[in-house]
Amino acid sequence: MDDDDDDVPQLSAHTLAALQEFYLEQQQREGTKTSQGFNQYSVGSIEENWQLSQFWYSDETASCLANEAIVAAGKGGRIACVSAPSVYQKLKERDDRDFSVVILEYDRRFSVYGEEFIFYDYNNPLNLPEDLLPHSFDIVIADPPYLSEECLQKTAETIRYLTKGKILLCTGAVMEEQAAKHLGVKICKFIPKHSRNLANEFRCYTNYASGLD
């Protein structure tokens, strides 16, 4: 008789160690939330949902992109974060907020941010609130959730609708040609990092002279 255990998938030691590390970090974060003052805008305050292809930027990268968005938007500027919640959170942490910002996001957990949250599904790129007027943002920073031309193309429709001109796109290096095709952006020298290492190399792209070069 065959041993039933032979048919049960076995995780490698490396995978098990990675899972244990993840759950330990999660427990530590939950402990920090309860034992210390909790900042709802800190990067990671809302956990990544890998099923939604969510991978948060490192704190340094989120800060760098937030600073770039502020400079690009200018004094009193309007910033739209499309599927880029880490940057939105870092912008909200700023004390010197001479700008306004909204977050367009599919994950309704971010509705805790109130009126600045706008539900967004890239499959319906122009299904936006009526009061979200065309070309009303000084810069749009976007990080399409999937590395596919379909996702980029549809997200690009939203970006072009919202922006007055400036675009800051974060996506995989493999999307460089498609990014240029759909948004007219060029790759930057700055290399964004995530809080967890990803298999795909990520890059930033802009259509203006930025501080990321």
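Because the structure is a prediction, the values reported are computed rather than measured.

*Asks:* When you look at helix 5 (residues 176–183) in this model, what are you seeing that I'm missing?
*Replies:* All buried positions along helix 5 are accounted for by Gln178, Ala179, His182 and Leu183. Down the axis, helix 5 shows its buried residues gathered within 100 degrees of arc, on one side only. Exposed and oriented more than 90 degrees from the buried face of helix 5 are Glu177 and Lys181. Elements that come into contact with the buried residues of helix 5 comprise helix 4 (149–162), strand 5 (163–172) and strand 7 (202–206).

*Asks:* Teacher, can you tell me more about the sheet that holds strand 7 here?
*Replies:* In any sheet, the strands associate via hydrogen bonds between backbone groups, in a parallel or an antiparallel arrangement. Spatial ordering of the open sheet is given by 3-2-1-4-5-7-6, a layout of 7 strands whose pairing is mixed. Only two strands of the sheet have a single neighbouring strand rather than two, namely strand 3 (117–119) and strand 6 (186–187). Where strand 5 lies against strand 7, 5 bridges are found, and the strand directions are antiparallel. In the sheet register, Leu168 faces strand 7, and the bridge partner there is Thr206. Across the sheet, helix 4 lies against strand 1 (77–82), strand 2 (99–105), strand 4 (137–142) and strand 5, angled at about 155 degrees from strand 5, the strand it touches most.

*Asks:* Is there a simple way to explain the pairing of strand 4 in this structure?
*Replies:* Look at any regular strand and the pattern is simple: side chains alternate between the two faces of the sheet. Of all the 6 residues making up strand 4, 6 are buried; the element is thus mostly covered by neighbouring parts of the structure. Of the strand pairs in this sheet, strand 1 and strand 4 are connected by 4 bridges, and their pairing is parallel. Pairing of Ile79 across the sheet is with Ile139, part of strand 4. Pairing analysis gives 5 bridges linking strand 4 to strand 5, with the strands arranged parallel. By the bridge assignment, Ile141 is partnered in strand 5 with Leu168. Tracing the backbone out of strand 4, into helix 4 and back to the parallel element strand 5 gives a crossover that is right-handed.

*Asks:* Hey, could you run me through the pattern of salt bridges in this one?
*Replies:* Close approach of charged atoms allows side chains with opposite charge to pair. One pass over the full model with this rule turns up 8 salt bridges. The salt bridge involving Lys181 is made with Glu149; its shortest N-O contact spans 3.1 Å. Taken together, the positions of Lys181 in helix 5 and Glu149 in helix 4 put the pair 32 residues apart, joining distant regions of the chain. Assessed through its relative accessible area of 61%, Lys181 is described here as exposed. Glu149 sits in the partly exposed class, given a relative accessible area of 30%. The closest approach of N and O atoms between Glu201 and Arg203, which form a salt bridge, is 3.5 Å. Look at Glu201 and you get partly exposed, because its relative accessible area is 46%.

*Asks:* Sorry if this is basic, but what is going on with the packing of aromatic side chains here?
*Replies:* Given two aromatic rings, one states the distance between the centres and the angle between the planes to describe the pair. Here the structure, examined in full by the defined rule, presents 4 aromatic pairs. Residues Tyr88 and Tyr113 carry aromatic rings whose centres are separated by 5.2 Å and whose planes lie at 45 degrees to one another, so their mutual orientation is tilted. Linking Tyr88 in helix 3 (residues 85–92) with Tyr113 in the loop between strand 2 and strand 3, this pair joins segments that are 25 residues apart in sequence. Through a chain of ring-to-ring contacts, three or more aromatic side chains come together here, namely Tyr88, Phe110 and Tyr113. Across the ring face of Phe119, the terminal group of Arg108 is positioned such that the distance to the ring centre comes to 3.8 Å. The side chain of Lys166 reaches across the aromatic face of Tyr208, ending 5.5 Å from its centre.

Reading the values: rules and limits
Residues numbered from 1 in each chain as written. Predicted model: local features only at pLDDT ≥ 70, side-chain atom pairs only at ≥ 80, totals over all residues. Heavy atoms only, no water. Buried < 20%, exposed > 50% of the residue type's maximum accessible area, 1.4 Å probe, protein only. Helix = DSSP H or I, 4+ residues; strand = E, 2+ residues; numbered from the N terminus. Arc of directions from axis to C-beta. Contact = heavy atoms within 4.5 Å. Pairing = 2+ DSSP bridges. Axes fitted to C-alpha atoms, helices over the stretch in contact; angles between N-to-C directions. Right-handed = clockwise from strand over helix to strand, strands pointing away. Salt bridge = Lys/Arg side-chain N within 4 Å of Asp/Glu carboxyl O. Phe/Tyr/Trp six-rings, centres within 6.5 Å; stacked < 30°, edge-to-face > 60°. Lys NZ or Arg CZ within 6 Å of the ring centre and 35° of its normal.

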